Amino acid sequence: MLGDARGHDVAQHLDPELLTGWRTWLHLTIQWTHLVAFALWLGFTAGTLLLGIMPRLDHLLYSSWILFLVLLATGTYNMEWSAGISETPSPLLLPLLERIPYGVTYTVVLAVKLALYVLILLFTLFITALHLRHRVDETRLRKIFLICGLSLGMMITLMTAVVLFYHEVADLWPTRLHSLGGVMGPEGPRGQNPVSPAIPSPNDFLLLASRETWINIGLRWVHLLGFGLWLGGIGVALVFGRVSPRRFLMYSWIVLITQGLSGIASMDRWTPFYLPPYVRNL
């Protein structure tokens, strides 16, 4: 079972030295591209609104469509090779995924995230059609696009945090989560839960009833939002300009402090070692 959960570990396709294989760097580059594209899209919506920049609506729409294409291409790869389960997380494979620990659960939360992406695509298409037909005033249409984009962006970031949480759950099963003591010590993984082969693989959402779960998800969500708003805000200010230096600095400091605090709070919870990853512990 544990081997199934780790079926997509890229290390299985590489040399023993993880960072020496070209597939590792291809894998990391695609993930990096996906993360940067999403951060820039968040900047073109939420960052534009929060920084008070007033670019032309067609520039926002064209930029969004380009980033959507990048997200589609990189996201398709990630869904196949970066999944937390050995099989492709497709709703068409649910009978097969039921035999994988948290296979169905992971697939469902990923499907919700993809549904939000589709909703954003349809919404952007609707705004583009209205803009091309000049049925609504551009200023009003731009405001609707930015406000809805901010709301949908926050929802997608939250679902991304949930997907990452269940990615960790599926990868570690039957070991406990890092935040609950499932960490690596000198003798090997700690906090393992003995699981009888007679017990069916877990595929439920009971973990979402835990306070610790939502602390994990909340920290991931805030950290992802902080990164997206910081990088995206810089990108939108660089591309469109016309932003107040005072407002830009205040915006930058707020998101940097938010990301820093969430990062510090997450170090102990996310780290798979029994010692915190501080330099003094080397």
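Residues numbered from 1 in each chain as written. Predicted model: local features only at pLDDT ≥ 70, side-chain atom pairs only at ≥ 80, totals over all residues. Heavy atoms only, no water.

Description of the packing of helix α3 (residues 57-81) against helix α6 (residues 138-172)
Selection criterion: In this analysis, axes come from line fits to C-alpha atoms, helices being fitted only over the stretch in contact, and the angle between any two N-to-C directions falls in the range 0 to 180 degrees. Every helix listed is a DSSP run of H or I at least four residues long, and every strand listed is a run of E at least two residues long, numbered separately from the N terminus. Note on contacts: a residue pair qualifies if any of its non-hydrogen atoms lie within 4.5 Å across the two residues. Under the grouping applied here, Gly and all other residues not named as nonpolar or charged are polar, the nonpolar ones being Ala, Val, Leu, Ile, Met, Phe, Trp, Tyr, Cys and Pro and the charged ones Asp, Glu, Lys and Arg.
Orientation of α3 relative to α6, taken along the N-to-C sense of each, is 35 degrees, at an axis distance of 10 Å. Contacts between α3 and α6 involve Leu57, Leu60, Leu61 and Ser64 from the former and Glu138, Leu141, Arg142, Phe145 and Leu146 from the latter. For the contact of α3 with α6, a count of residues per class yields 6 nonpolar, 1 polar and 2 charged.

Thoughts on the packing of helix α2 (residues 22-51) against α3
Threshold: Here a crossing is taken to be left-handed if its near helix is turned anticlockwise relative to the far helix by less than a right angle, and right-handed if that turn runs clockwise.
Where α2 contacts α3, the axes come no closer than 9 Å and their chain directions differ by 145 degrees. Every pair of crossing elements has a handedness; the one defined by α2 and α3 is left-handed. Contact with α2, carried on its side by His27, Ile30, Gln31, Thr33, His34, Ala37, Phe38, Leu40, Trp41, Phe44 and Thr48, involves Leu60, Ser63, Ser64, Leu67, Phe68, Val70, Leu71, Thr74, Gly75, Tyr77, Asn78 and Trp81 of α3 and no other residues of that element.

As for the environment of Phe123
Rules: With a 1.4 Å probe rolled over the protein chains alone, any residue whose accessible area is under 20% of its type maximum counts as buried; one over 50% counts as exposed, and the rest are partly exposed.
Here Phe123 lies in helix α5 (residues 103-133). For Phe123, a relative accessible area of 16% translates into the label buried. Residues Phe123 and Phe145 lie 22 residues apart in sequence; the distance between their C-alpha atoms is 8.4 Å. Excluding anything up to four places from it in sequence, Phe123 contacts Ile144, Phe145, Cys148 and Gly149.

With respect to the nonpolar core
As a reminder, the rule being used: By nonpolar core we mean a set of buried residues, namely Ala, Val, Leu, Ile, Met, Phe, Trp, Tyr and Cys, connected to one another through side-chain atoms within 4.5 Å.
Counting residues in each nonpolar core, the largest one holds 52 residues, and the members touching the most others are Phe145 and Tyr166. Elements that contribute at least two residues to this core include exactly α2, α3, α5, α6, α7 (211-240) and α8 (245-270). Ranked by residues supplied to this core, first place goes to α6 with 14 residues.

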